[in-house]
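Each chain, written out:
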Amino acid sequence: SSSALRPPLARIPQFYFPGGGAPVSEDVRGLFTARVNALFDPHPQGLNLEQFSSVVQEVCQLPTILAHPWFERLVAGSSERLVGKAAFVEWWSSRQLVAAPATRRLWEVLRPDGKHHLTYADFRPLLQAVLQYHPGLEFLADTPEFQARYAETVIYRIFYTINRSGSGRMSYRELRRSDLLDALFALEREEDINRVPRYFSYEHFYVVYCKFWELDSDHDFSLDRNDLAHYA
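Another aspect to go through is the overall build of the chain. Assigned secondary structure in the chain consists of twelve helices and zero strands. Helices (α) and strands (β) of the chain occur, in sequence order from the N terminus, as α-α-α-α-α-α-α-α-α-α-α-α. Computed over C-alpha atoms, the radius of gyration of the chain comes to 22 Å, more than 25% over the 17 Å expected from 2.2 N^0.38 for 232 residues, which places it beyond the range of a compact globule. If you line up the chain on its principal axes, its C-alpha atoms span 85 × 60 × 30 Å. With 232 residues in all, the chain has 36% of them scored as buried.

As a further point, take unusual backbone geometry. Backbone geometry at Arg81 places phi at a positive 55°, although glycine is not the residue there. Notably, Gln96 is not glycine yet its phi reads approximately 55°, a positive angle.

This part takes up the environment of Tyr206. Looking at the element boundaries, Tyr206 is found in helix H11 (residues 202-215). Since its relative accessible area comes to 40%, Tyr206 is described here as partly exposed. The spatial distance from the C-alpha of Tyr206 to the C-alpha of Gln51 is 34 Å, given a sequence separation of 155 residues.

With that settled, the discussion passes to the packing of aromatic side chains. Taken as a whole and judged by the stated rule, the model has 24 aromatic pairs. Centroid distance Phe205 to Tyr209: 5.7 Å. Interplanar angle 40°. Geometry classified as tilted. Of this pair, Phe205 and Tyr209 both sit in helix H11, four residues apart, which is roughly one turn of the helix. One aromatic cluster is present, built from ring pairs that chain together Phe32, Phe40, Phe52, Trp70, Phe71, Phe88, Trp91 and Trp92. Between the NZ or CZ atom of Arg95 and the centre of the ring of Trp91, over which it lies, the distance is 3.9 Å.

Let us look at the packing of helix H3 (residues 49-58) against helix H4 (residues 67-74). It is the contact of H3 with H4, at a shortest axis distance of 10 Å, that shows an interaxial angle of 110°. The orientation of H3 with respect to H4, classified from their angle, is roughly perpendicular. H4 is crossed by H3, and the crossing has right-handed handedness. When H3 is examined against H4, the residues Leu49, Phe52, Ser53 and Val56 are found in contact with a partner set consisting of Ala67, His68, Trp70, Phe71 and Leu74. Class assignment of the residues belonging to the contact of H3 with H4 gives a composition of seven nonpolar, two polar and no charged.

Quick notes on the rules
Residues numbered from 1 in each chain as written. Predicted model: local features only at pLDDT ≥ 70, side-chain atom pairs only at ≥ 80, totals over all residues. Heavy atoms only, no water. Helix = DSSP H or I, 4+ residues; strand = E, 2+ residues; numbered from the N terminus. Rg over C-alpha atoms; globule rule 2.2 N^0.38 Å. Buried < 20%, exposed > 50% of the residue type's maximum accessible area, 1.4 Å probe, protein only. Phe/Tyr/Trp six-rings, centres within 6.5 Å; stacked < 30°, edge-to-face > 60°. Lys NZ or Arg CZ within 6 Å of the ring centre and 35° of its normal. Axes fitted to C-alpha atoms, helices over the stretch in contact; angles between N-to-C directions. Parallel < 35°, antiparallel > 145°, perpendicular 65-115°, else oblique. Left-handed = near helix turned anticlockwise from the far one by under 90°. Contact = heavy atoms within 4.5 Å. Nonpolar A, V, L, I, M, F, W, Y, C, P; charged D, E, K, R; others polar.

Laid out in structure tokens, this is it:
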């Protein structure tokens, strides 16, 4: 019969996993566990912020600037302000991040629990860390007003570029297609923040700020139709 002559069907690997991610191989899980143990076991009480930064870099393979806002999330409500191994492993594994792509790991670190999008407010802790710890912004330490304007401008630049729908609610798909992760790694490499033109350059911020101030004739930090008419 014709069915007897038909070649066997090729086995197509599963490509959709309703639970959120492909099963993690024993080798990958073993490497994850070994890296976690190497960093946490010498500190059975938990890790402080500086020590946790090594976890973010070596285990999570993310830019260390993310350690600061993420650490604050993990220690919220704790008087010791230490991240324990069990708490970290539970947080990371429950989100199926052991073998997840880097953009998915970034997404989960930024995304508040229970939300399926990112808003402007979700980026404020990250910008606070950039302002506090990046050497290229030390000169702003005594000017809180410019710190606030810089953070606001950077966040709006990020959303203007990535949130193509203009909804103010960034999706994972939009983040995955963006270059934000590359910009954060560049921020880590460069001490001169003006050499990170994507989003974080202070020089770029200052150009935007000065033009805005020039157009905002009554300096209420809001542009109306009459203000914008001067731009035409």
